[in-house]
Amino acid sequence: MNKDEETLSRESRFTDVLGKIKSYKKNTDIMQNFEETGTVLSLGDGIVIVSGLQDCMLNEILKFSDGTLGIALNLNKDTVGVVIPGDYLQITAGSKVKRTGRLLEVPVGEELLGRVLNPLGRSLDGKAELELKEFRNVESPAPGVMDRKEVKRPMQTGIIAIDALVPIGRGQRELIIGDRKTGKTTIAIDTIINQKDKNVICIYVAIGQKESSVKAVYETLEENGAMDYTFIVMAAAGDPTAMQYIAPYAACAMGEYFMYSGRDVLIIYDDLSKHAVAYRELSLLLRRPPGREAYPGDVFYLHSRLLERAACLNDSVGGGSMTALPIIETQYGDVSAYIPTNVISITDGQIFLDGDMFKDGQRPAVNAGTSVSRVGGSAQLKPMKQVAGQLRMKLAQYRELKEFANFGSDLDADTTRNLKMGDILMQTLVQKPHQVFSVAEQVIMIYAAQNKYLDDFEQTEISTVTKMLREILNTEFKEMCQRINSGEKIVDDLQIEVKSALDQIFERIRYQIEN
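Residues numbered from 1 in each chain as written. Predicted model: local features only at pLDDT ≥ 70, side-chain atom pairs only at ≥ 80, totals over all residues. Heavy atoms only, no water.

Digging into unusual backbone geometry
The amide bond that connects Asp270 to the next residue, Asp271, takes the cis arrangement and shows omega of -5°. One can find Asp271 in the loop between strand E13 (264–270) and helix H6 (272–285). A cis amide bond, omega 0°, links Arg363 with the succeeding residue Pro364. Position of Pro364 among the secondary structure elements: in the loop between helix H9 (355–359) and strand E16 (372–373). The backbone of Asn59 sits at a positive phi, close to 70°, despite the residue not being glycine. Structurally, Asn59 is set in the loop between strand E2 (47–51) and strand E3 (60–64). Of note in this structure, Arg287 is not a glycine but carries a positive phi near 65°. Turning to its location among the elements, Arg287 is positioned in the loop between H6 and helix H7 (299–307). Look at Arg287 and you get exposed, because its relative accessible area is 76%. (Helix = DSSP H or I, 4+ residues; strand = E, 2+ residues; numbered from the N terminus. Buried < 20%, exposed > 50% of the residue type's maximum accessible area, 1.4 Å probe, protein only.)

Next up, the structure:
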């Protein structure tokens, strides 16, 4: 290459770079003034197709000429698909649309506690509108690996079948899965009730639920004093599909405000099955290609980017945590369907509620064989870990013996005794709705069952016995219960104290039942 050709080559490269700089500057100027406007091409079912917004961002808020706000959800080459979270009847074909340059945001702050809100932060409880000055983006990246720390601290549910067999840690994502009407919401509500005086902010997200059902949840929480540290985000069945789609992300953003402030947060998504259906409806209206069960191809990302935002943070980024309990409804116990398998693969374990157990009166109907927590015993207190390991093993043996006994063959004395022990342990796990147990109560009840204190009673008497046991423990053995609640293992002098207390308590219980 001669000198002239080399000079021309350099000038050509310089011209290309200069052109790119000018193009970048032009785009930057557009982003700074946001004066770009578009035109409505068509609309229907809460979806508006707009042309002329070449630089529109995903999830950007767009303003129509009549003042209606929409969210850009589909970015095509020449058009933008906009979802309207409210009334869209004033929009007509040919209306003008203007970019705002702002992504969808929700108000955050302490004032949220005790309130019932829609996903945009508007009041639904008849009280005054919130006037919060701080906002967070509805969509935000999940904390990175280096910002997280190991999940070690327990998130007590107050439910003996879960705290003993499927322990949940602060910062974990534990799926609650089961058929319709098997007690999924009850477990979530009881977990919220159990956070009283534990410095945990609770969020209940109702997606596609009946308003009467959400009202019942609110009243239950109010009666148990849980609304002081809880707020509800509701997108009811009658609300626009876009609201149901936004609801879990908006509630998560509200929870992140507390998490990054160093607080512990518990968030319930009730339920993600309806959320997936709402997203499928939006996607089909936006003409996205359908895949398996007509869901769009990115339906896995829909829930993964939501649930990954639950974490236990390092002290360098606030030290808070967000524990997510998503709920999934199955059809006839089929966990191999598309959405259940997706969410199971995202979460850190699942609490499986068995419909047959529920009908047989075993409530909560937690199937210990199919339920699992991938955090495991690292999120349990020492005394619970001490008694729960033996419990899981004995229940596994009981299930095998139960199946064997169904053949109707003659059983030896050892098998009969083990079956009776299993029946007693299963009956110990029965718990009424909204009746939560402390760690000490749970540990001592399991300890009593495993050490044959309940063997003399009929199976129908177990619930009465455990009720009397709890009453005596809470009135006469408070100091011993405090030691167990603090995480002290039942060994040495504490073990002697527990055995002595149980001997006294069961002597009184037997006398009261006999007389």
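That covers the picture; the talk isn't over yet.
A few points about the packing of aromatic side chains
Across all of its chains, the model carries seven aromatic pairs by this definition. Chaining the aromatic ring pairs together yields one cluster made of Phe231, Tyr257 and Phe258. Cation over ring: Arg280 sits above Tyr295, and NZ or CZ is 4.3 Å from the ring centre. If you follow Arg363 out to its NZ or CZ, it ends over the ring of Phe358, 3.9 Å from the centre. (Phe/Tyr/Trp six-rings, centres within 6.5 Å; stacked < 30°, edge-to-face > 60°. Lys NZ or Arg CZ within 6 Å of the ring centre and 35° of its normal.)

Section: the sheet that holds strand E5 (residues 79–83)
Around the barrel, which closes on itself, the six strands sit in the order E1-E2-E5-E4-E3-E6 with antiparallel pairing between neighbours. In this sheet, neighbouring strand axes are inclined to one another by 45° on average, regardless of whether the strands run parallel or antiparallel. Bridge count for strand E1 (residues 37–44) against strand E6 (residues 96–103) is three bridges, and the pairing is antiparallel. When the sheet's bridge partners are listed, Thr37 is paired in E6 with Lys98. (Pairing = 2+ DSSP bridges. Axes fitted to C-alpha atoms, helices over the stretch in contact; angles between N-to-C directions.)

Some words on the domain arrangement of the protein chain
As assigned here, the protein chain comprises domain 1 (37–102), domain 2 (107–380) and domain 3 (384–514). Spacing between the C-alpha centres of domain 2 and domain 3 amounts to 31 Å. Facing the 27 residues of domain 2 at the interface are 21 residues of domain 3. In total, domain 2 and domain 3 occlude about 1,900 Å² of area from one another, counting both sides; carbon and sulfur atoms represent 59% of this. In terms of surface lost to domain 3, no three residues of domain 2 exceed Ile160, Leu165 and Gln362, which account for 32% of the buried area on that side. Here domain 2 is connected to domain 3 by zero salt bridges. Here domain 2 is connected to domain 3 by nine residue pairs in polar contact (both at pLDDT 80 or more). Elements with a minimum of two residues in the side of domain 2 that touches domain 3: helix H2 (160–165) and helix H3 (184–193). The class makeup of the residues in the side of domain 2 that touches domain 3 is 11 nonpolar, 13 polar and three charged. (Domains from an automatic or database assignment. Contact = heavy atoms within 4.5 Å. Buried area = accessible area lost by both parts, 1.4 Å probe. Salt bridge = Lys/Arg side-chain N within 4 Å of Asp/Glu carboxyl O. Polar contact = N/O pair within 3.5 Å; in protein donor to acceptor, adjacent residues only side chain to side chain. Nonpolar A, V, L, I, M, F, W, Y, C, P; charged D, E, K, R; others polar.)

Focus: the nonpolar core
Among the nonpolar cores identified, the biggest contains 84 residues, and Ile192, Leu221, Leu469, Leu502, Phe506 and Ile509 are the most heavily contacted of them. Examining the composition of this core, we find that nine residues originate from one element, helix H12 (residues 439–450), more than from any other. Every residue in contact with Leu469, bar those within four places of it in the chain, is listed here: Ile444, Met445, Leu502, Ile505, Phe506 and Ile509. In terms of nonpolar packing, the next biggest core, distinct from the first, is built from 61 residues, Leu73, Val83, Met243 and Ile267 among them. (Core = buried A, V, L, I, M, F, W, Y, C linked by side-chain atoms within 4.5 Å.)

A short note on the pairing of strand E15 (residues 349–353)
Most of E15 is tucked away: five of the five residues are buried. Pairing of strand E10 (residues 175–179) with E15 involves four bridges; the strand directions are parallel. Note that in E15 the partner of Leu175 across the bridge is Gln350. Direction of pairing for E15 relative to E16: antiparallel, over a ladder of two bridges. Within E16, the residue paired with Gly349 across the bridge is Ser373.

Here we look at the sheet that holds E16
Across the sheet, eight strands lie side by side as E8-E12-E11-E13-E14-E10-E15-E16; this open sheet has mixed pairing. Edge positions in the sheet fall to strand E8 (116–117) and E16, since each of these pairs with one other strand and no more. Summarising the sheet, E13 and strand E14 (residues 321–330) pair through six bridges and their orientation is parallel. By the bridge assignment for E14, Ile268 is matched with Leu325. Against the sheet, H6 touches strand E11 (200–207), E13 and E14, its axis set at about 75° to E14.

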